[in-house]
Amino acid sequence: MVLTIQINSLIFSFVYGVIFYVLLEINYKFLYNEKLLIKVIYTLFFLLFNTILYFIGLIKINNGAVHVYFILSILVGFVLASILHKKVFKKH
């Protein structure tokens, strides 16, 4: 794979990790509902939608090739967004 494609894929994966964290925070009330059936159904659709969205992005960038370091980049983006969210919106 060409280096520019790898770099674009890494950047996309990192940004997607941040976006996934934001979407998870927005949908917090739906994911932690009291009814178990609603939790399970909503969680399945939420994860399926986000997975399909990520792979559509990868298909546009690098024909859908997935590498371990792309997954690590998503994780780093998610964790960094989580840390920044806690620092910025820290309750006193």
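About the cut-offs
Residues numbered from 1 in each chain as written. Predicted model: local features only at pLDDT ≥ 70, side-chain atom pairs only at ≥ 80, totals over all residues. Heavy atoms only, no water. Helix = DSSP H or I, 4+ residues; strand = E, 2+ residues; numbered from the N terminus. Buried < 20%, exposed > 50% of the residue type's maximum accessible area, 1.4 Å probe, protein only. Contact = heavy atoms within 4.5 Å. Phe/Tyr/Trp six-rings, centres within 6.5 Å; stacked < 30°, edge-to-face > 60°. Core = buried A, V, L, I, M, F, W, Y, C linked by side-chain atoms within 4.5 Å.

Participant: Describe the overall build of the chain, and please don't skip the residues or the numbers.
Facilitator: Along the backbone of the chain there are four helices and zero strands. Overall, the chain shows an N-to-C arrangement of helices and strands of α-α-α-α. Seen through its principal axes, the chain has C-alpha atoms that stretch 50 × 35 × 15 Å. For the chain, buried positions account for 22% of its 92 residues. Here the contacts in the chain between residues at least 6 apart in sequence split such that 72% fall between residues at least 24 apart.

Participant: Give me the lowdown on the packing of aromatic side chains, citing residues and values where you can.
Facilitator: How two aromatic rings sit relative to each other is set out by the distance from centre to centre and by the angle between their planes. Under the criterion given, the structure shown has nine aromatic pairs. Their ring planes at 15° and their centres at 5.6 Å tell us that F12 and Y54 sit as a pair that is stacked. Of the two residues, F12 is situated in helix α1 (residues 3-26) and Y54 in helix α3 (residues 36-62); the sequence distance between them amounts to 42 residues. By relative accessible area, Y54 is classed as buried at 5%.

Participant: An account of the nonpolar core is requested, with residue identities and associated values reported.
Facilitator: Membership of the largest hydrophobic core is limited to seven residues, which are Y16, F20, F46, Y54, L58, F70 and I74. Taken together, the elements giving at least two residues each to this core come down to α1, α3 and α4 (68-88). Looking at which element gives the most residues to this core, the answer is α3, with three residues.

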